[in-house]
Amino acid sequence: MHHHTRIGFKSNLGAIAALAGSAVGLGNIWKFPYVAGTNGGGAFLLVYIFFTLAIGFPVMLAEFSLGRRSQQNAFGTFRVLAPDSKWLLFGSLSIIAASLILSFYGTVSGWTLEYVWLSLTNAFQGQHAEEVTSVFNAFLSHPYKALLWQIGFMALTAAIIMGGVQKGIERYSKIMMPLLFVIIIALCINSMTLTGALEGLRFLFLPKFSELTANSILSALGQAFFSLSVGMGILLTYASYLPKTDNLTTTSLKVIVTDTLVAILAGMAILPAVFSFGIDPQSGPGLVFLTLPQVFQGLPGGTVWAVLFFLLLTFAALTSAISLLEVPVAYLVEEKKLKRPTATLLATLVITVIGSFNTLSFGPLKHVKIFGMNIFDACDYLCSNILLPLGGILICLFAGWYLNKALLYSELSNDHRLKIRFFKLYIFILRYIAPVCIFLILLNVLGLLG
Ligand code: TRP
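To keep things clear, this report deals only with the structure shown in the data block. Remember, predicted model here, so these are calculated numbers, not experimental data.

1. A look at helix 15 (residues 340–360)
So, step 1. Taking 1.5 Å of rise per residue, 21 residues should cover 30 Å, and helix 15 covers 30 Å from first to last C-alpha, within 8% of that figure.
So, step 2. Within helix 15, the axis deviates most sharply at Ile354, by approximately 25°.
So, step 3. Listing the buried residues of helix 15 in full gives Arg340, Ala343, Thr344, Ala347, Thr348, Ile351, Thr352, Gly355, Ser356, Asn358, Thr359 and Leu360.
So, step 4. If you follow the buried residues of helix 15, they end up packed against helix 5 (87–120), helix 7 (145–162), helix 8 (164–192), helix 14 (302–334) and helix 16 (375–402).

2. Examining the packing of helix 5 against helix 16
So, step 1. The interhelical angle for the contact between helix 5 and helix 16, taken along N-to-C directions, is 150°, at an axis separation of 10 Å. Comparing their axes, helix 16 and helix 5 come out roughly antiparallel. Crossing of helix 5 against helix 16: the hand is left-handed.
So, step 2. By residue class, the composition of the contact of helix 5 with helix 16 is 19 nonpolar, four polar and one charged.

3. Some thoughts on the packing of aromatic side chains
So, step 1. Per the counting criterion, the structure on display carries 37 aromatic pairs.
So, step 2. On the basis of an interplanar angle of 85° and a centroid distance of 5.9 Å, the ring pair of Phe9 and Tyr241 is categorised as edge-to-face. Residue Phe9 is found in the segment before helix 1 (12–23), and its partner Tyr241 is found in the loop between helix 11 (234–239) and helix 12 (248–276); the two are separated by 232 residues along the sequence.
So, step 3. The aromatic ring of Phe226 is capped on one face by Lys31, whose charged end is 4.0 Å from the ring centroid.
So, step 4. Sitting above the plane of the Trp401 ring, Arg431 keeps its charged end 4.2 Å from the centroid.

4. A closer look at a nonpolar patch on the surface
So, step 1. Together, Trp401, Phe422, Leu425, Phe428, Tyr432 and Ile433 line one region of the surface with nonpolar side chains, adding up to about 630 Å² of accessible area.
So, step 2. Looking at the secondary structure, you find Ile433 in helix 18 (residues 423–445).
So, step 3. Using a relative accessible area of 38% as the deciding quantity, one classes Ile433 as partly exposed.

Definitions and limits used
Every chain begins its residue count from 1, and numbering advances along the sequence as written. Local features are withheld for residues below a pLDDT of 70 in this predicted model, meaning they are given only at 70 or higher, and side-chain atom pairs are given and counted only at 80 or more; totals for whole chains, interfaces and linings count all residues. Note that the side-chain values use all heavy atoms of the structure and ignore hydrogens as well as water. Going along the chain from the N terminus, every DSSP run of H or I of four or more residues is numbered as a helix, and every run of E of two or more is numbered as a strand. Expected span of a helix, by definition, is 1.5 Å for each gap between consecutive residues, and there is one gap fewer than residues. The bend at a residue is defined as the angle formed between two axes, one fitted to the seven residues ending at that residue and one fitted to the seven starting there. Partly exposed residues are those whose accessible area sits between 20% and 50% of the maximum for their type, while under 20% is buried and over 50% is exposed, using a 1.4 Å probe and protein chains only. Residue contacts follow a heavy-atom distance rule, with two residues in contact if any of their heavy atoms lie within 4.5 Å. Helix axes use the C-alpha atoms of the stretch in contact, all axes being lines fitted to C-alpha atoms, and the angles between their N-to-C directions lie in the range 0 to 180 degrees. Throughout this description, any angle smaller than 35 degrees is read as roughly parallel, any larger than 145 degrees as roughly antiparallel, any in the 65 to 115 degree range as roughly perpendicular, and the remainder as oblique. For any pair of crossing helices, the crossing counts as left-handed if the nearer helix is rotated counterclockwise from the farther one by less than a right angle, and right-handed if it is rotated clockwise. In the scheme used here, Gly and all other residues not listed as nonpolar or charged are polar, with Ala, Val, Leu, Ile, Met, Phe, Trp, Tyr, Cys and Pro taken as nonpolar and Asp, Glu, Lys and Arg as charged. Ring pairs are drawn from Phe, Tyr and Trp, using the six-membered ring of Trp, whenever the two centres fall within 6.5 Å, and their geometry is named by plane angle: stacked under 30 degrees, edge-to-face over 60, tilted for the rest. The rule for a charge over a ring is simple: NZ of Lys or CZ of Arg within 6 Å of the ring centre, and within 35 degrees of the ring normal. Two joining distances apply to patches: 9 Å for like charges and 5 Å for nonpolar side chains (Val, Leu, Ile, Met, Phe, Trp, Tyr), and every residue must have over 30% relative accessible area and no salt bridge. Calculation of accessible area relied on Shrake-Rupley with a 1.4 Å probe; when residues are assessed, cover is drawn exclusively from the protein chains displayed. The working definition used for a salt bridge is a side-chain nitrogen of Lys or Arg within 4 Å of a carboxyl oxygen of Asp or Glu.

Read these as layout, nothing more, since geometry by itself doesn't imply function.
Listed below in structure tokens is the structure:
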């Protein structure tokens, strides 16, 4: 088709680490426990798993097929596969949405850096729930501390992205991901020993369907998309770096299982502690930062655990943040012909400036409300609950209706070397089930379904 000196992932393991690195992030460890906490716990988990398998999986597979087919960035994919069509707008939307997500992702990632620092300096020693809470609140309302950490985090992200696909993305993901797994399992085991642990587990695993509202169903969908990194051209971009011999179906299943497992483990590590220390499971975005410092205090070698945990949370955030930054950077490099360093600097600068509003919305800009939410929550809501589902619908429609079926089949089957048994069902899901489901959920939450 066209000639490239495009560099892809070096090894299969590296590719999985990078993809899982994108999926596993703050979405699993920071967001999942509190979103589950505010949306009814067990019932939410069930709906979440259902959406992950029934909708997240087909959409992920579609993104994989598109990206690997086109060997292009999120915009270029539509330029190549759907030249001169309205689909190019969707390409642009992906670039914008990825940047917007990173703008608030950087906020929380900055918090994790502060918590690495606080843990290193033993700042939580001997503190009770109220003190831990007031430390967090004081940090958030400080005029610029959180902003400095956000800038630091964005600089780290940019440094990795400048290294490129193999020496940046792949290399760092391969180190961080296994470590993250070990730590979260260790924390989980520890949480089981807390008094009141059972109550936390019951909250997470016993469904109370009465607490499931239309909005929490939408949140489950948004959370599934957010956590899997689907809907906005990220996986599409990463998949363009996958070798042509990679089995896309098994790769996406591996990513999905890893991602869901880490979310459940994070819930099992955090929710028992929430109940054990009498913290409100509905505390929102601060939940992880309020509970874990107390868990660590009760542990022998607590400081070491605390440092390790927040460091690894930072790395989980980093491997996701780089996947988000790669979207605009690949776009600027391939479509606008900028040099990689220039593209990285430009994208990072713009995203950090937008992101500063998100960060400051917990402090100096606290009083600015959009539809009753602060800027951060509004930005998260717009991205997770509207743009990602919308992106999901568009991906389904594109892969299911616009794209030539034979072409999709040949990409999924590696040019007929693999047998794809459920192809008909897959097309049916892409064409009807997934887009209609997502659409209904969207309408419902926008109050248009009566
Ligand atoms: N999935 C990541 C997480 O769980 C966040 C993320 C990375 C993301 N890339 C994305 C979310 C693309 C949506 C779209 O933290």
